[in-house]
Amino acid sequence: MRVKNIQVYTDGGCSGNPGPGGWAFVICREDGEDISRSGAEPYTTNNRMELTAVIRALAFLEESGMADESTHISVHTDSQYTQKGITEWITLWKRKNWRTSGKQPVKNRGLWEELDALSGRLKPEWFWVKGHAGNPYNELCDKLTGEAIAALQTEGKESV
């Protein structure tokens, strides 16, 4: 059975932190067809949007049937919080009943649990990429995130 390779790029951000936030992902398939999605929330944090971007991307792969046990997924994020959280910190958080090393509750626990479940099923490989450093897919995710926030803010002004 031939292994499919899928590259996933994600980004999340806020206009103010907390404030209006956006997320985006780009899925790069071997056939050259890229798939992108984005969205926004009226009041959130940067870290929540970074996690949401990855969750939405992995959920999309799973729900669309694009990913199965023979798929190799590489997730690229410019968020060290996301990359280190899912590859290093989460094991200790779970062992300590979702407490940090400082004995505080882990922030964004619900999102971490959702990401952990998706990651357990899809088993992606995680990569950190430097943001705003010229990676075209990371730059595209950043642009889509900004556009989602701008659309949300424009929509809010029109409905006042």
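The preceding data block contains the structure.
As the structure is a computational prediction, the values presented were derived from the model and not from experiment.

**Q** Tell me about helix H2 (residues 80-95), and please be specific about residues and values.
**A** The terminal C-alpha atoms of H2, which comprises 16 residues, lie 21 Å apart, in line with the 22 Å expected from a rise of 1.5 Å per residue. If you check which residues of H2 are buried, you get Tyr81, Thr82, Gln83, Gly85, Ile86, Ile90 and Trp93. Looking at the buried side of H2, the elements it contacts are helix H1 (46-64), strand E4 (71-77), helix H3 (109-122) and strand E5 (125-128). Where H2 ends, the next residue or the one after it, Asn97, has phi of about 55 degrees, a positive value.

**Q** Quick rundown of the nonpolar core? Include the residues and the values.
**A** Counting 32 residues, the largest nonpolar core has Val8, Ile27, Leu58, Leu61, Ile73, Trp112 and Leu115 as the members making the most contacts within it. Taken together, the elements giving at least two residues each to this core come down to strand E1 (4-14), strand E2 (19-28), H1, E4, H2 and H3. Top element by residues in this core is H1. It accounts for ten residues. Once you skip the residues sitting within four places of it in the chain, Ile27 turns out to touch Ile6, Gln7, Val8, Glu33, Asp34, Ile35, Ala57, Phe60, Leu61 and Met66. Core analysis: the second largest hydrophobic core is formed by six residues, Tyr9, Cys28, Cys141 and Leu144 among them.

**Q** Break down the environment of Ala67 for me, with residues and values.
**A** Here Ala67 lies in the loop between H1 and E4. Other than its neighbours up to four places away in sequence, Ala67 contacts Leu61, Ile73 and Leu122.

Each value, and the rule that gives it
- Residues numbered from 1 in each chain as written.
- Predicted model: local features only at pLDDT ≥ 70, side-chain atom pairs only at ≥ 80, totals over all residues.
- Heavy atoms only, no water.
- Helix = DSSP H or I, 4+ residues; strand = E, 2+ residues; numbered from the N terminus.
- Expected span 1.5 Å × (residues − 1).
- Buried < 20%, exposed > 50% of the residue type's maximum accessible area, 1.4 Å probe, protein only.
- Contact = heavy atoms within 4.5 Å.
- Core = buried A, V, L, I, M, F, W, Y, C linked by side-chain atoms within 4.5 Å.

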